[in-house]
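Structure assessment
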Amino acid sequence: MGAAVLVHWGSLVIALGPGDYVECVDARPHGHYLIAPLQAGQVYIVRSVIAPDEKFPAGGIRLEGVPMPVSPRNIEAGWAPRRFRPVYRPKASLIESLLAPAPSAPVRVGSRR
């Protein structure tokens, strides 16, 4: 299992990894297992990624709350990254800093010359 998998969106290449939010854009049943737990338009959180290899050159992602079948070799299946659109979610620390109360006294930024 790798730390990130690359997703191609037009001319953009975006790395997806655990904790990232993605929106389902292709909810067709899983090709190998014929299961369809996904819903188009639903936002999911990436639980883990599957590193690309010869059999799956795009790699794969596993989603929180969406268990997948396990192969006879004890490997959990994943979804093709192309089925999802990355969703920007700011880090919690950024939100906290933006919600912090303003200083009571003016704050000087930069220096005068």
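For the structure, see preceding data.
Residues numbered from 1 in each chain as written. Predicted model: local features only at pLDDT ≥ 70, side-chain atom pairs only at ≥ 80, totals over all residues. Heavy atoms only, no water.

1. Topic: the overall build of the protein chain
Each helix and strand in the protein chain was counted, giving one helix and six strands. Secondary structure elements in the protein chain, listed N-terminal to C-terminal, are β-β-β-β-β-β-α. Here the protein chain holds 113 residues, and the buried ones make up 26% of them. Pairs at least 24 residues apart make up 49% of the contacts formed inside the protein chain by residues separated by at least 6 positions. Accessible surface for the protein chain amounts to roughly 8300 Å². Of this, 58% is attributable to carbon and sulfur atoms. (Helix = DSSP H or I, 4+ residues; strand = E, 2+ residues; numbered from the N terminus. Buried < 20%, exposed > 50% of the residue type's maximum accessible area, 1.4 Å probe, protein only. Contact = heavy atoms within 4.5 Å. Areas by Shrake-Rupley, 256 points an atom, 1.4 Å probe, with all protein chains shown as cover.)

2. Comments concerning the side chain of Glu23
Its place among the elements puts Glu23 in strand β3 (residues 21-24). Overall, the relative accessible area of 19% leaves Glu23 in the buried class. Within the structure, Glu23 has its side chain in polar contact with the side chain of Arg85 (distance 2.3 Å). Apart from residues no more than four positions distant in its own chain, Glu23 is found in contact with Gly41, Gln42, Val43, Arg83, Phe84, Arg85 and Val87. (Polar contact = N/O pair within 3.5 Å; in protein donor to acceptor, adjacent residues only side chain to side chain.)

3. With respect to the pattern of salt bridges
With the rule as written, the count across this model stands at five salt bridges. Where Asp26 meets Arg28, a salt bridge forms, and the shortest distance between an N and an O atom there is 2.7 Å. One salt bridge in this structure joins Arg62 and Glu76, with 3.7 Å as the shortest N-O distance. In this pair, Arg62 is assigned in strand β5 (residues 60-63) and Glu76 in the loop between β5 and β6 (84-87), connecting sequence segments 14 residues apart. (Salt bridge = Lys/Arg side-chain N within 4 Å of Asp/Glu carboxyl O.)

4. Section: the packing of aromatic side chains
The description of two aromatic rings rests on the distance between their centres and on the angle between their planes. Tallied over the entire structure, the rule returns one aromatic pair. When the ring of Tyr44 is compared with that of Phe84, the centres are 6.4 Å apart and the planes differ by 85°; the resulting orientation is edge-to-face. A residue pair is termed long-range when its members are at least 10 positions apart, and Tyr44 in strand β4 (residues 43-50) and Phe84 in strand β6 qualify at 40 residues. Across this residue pair, the class does not change: Tyr44 and Phe84 are buried. (Phe/Tyr/Trp six-rings, centres within 6.5 Å; stacked < 30°, edge-to-face > 60°.)

5. Points about the sheet that holds β6
With respect to topology, four strands assemble into an open sheet ordered β5-β4-β3-β6, the strand pairing being antiparallel. The two strands at the open ends of the sheet, each matched to only one other strand, are β5 and β6. On average, adjacent strands in this sheet sit at an angle of 55° to one another, irrespective of strand direction. Of the pairings in the sheet, the one linking β3 to β6 comprises four bridges and is antiparallel in character. From the neighbouring strand, Glu23 faces β6, where its bridge partner is Arg85. (Pairing = 2+ DSSP bridges. Axes fitted to C-alpha atoms, helices over the stretch in contact; angles between N-to-C directions.)

Coordinates in, geometry out; function isn't part of it.
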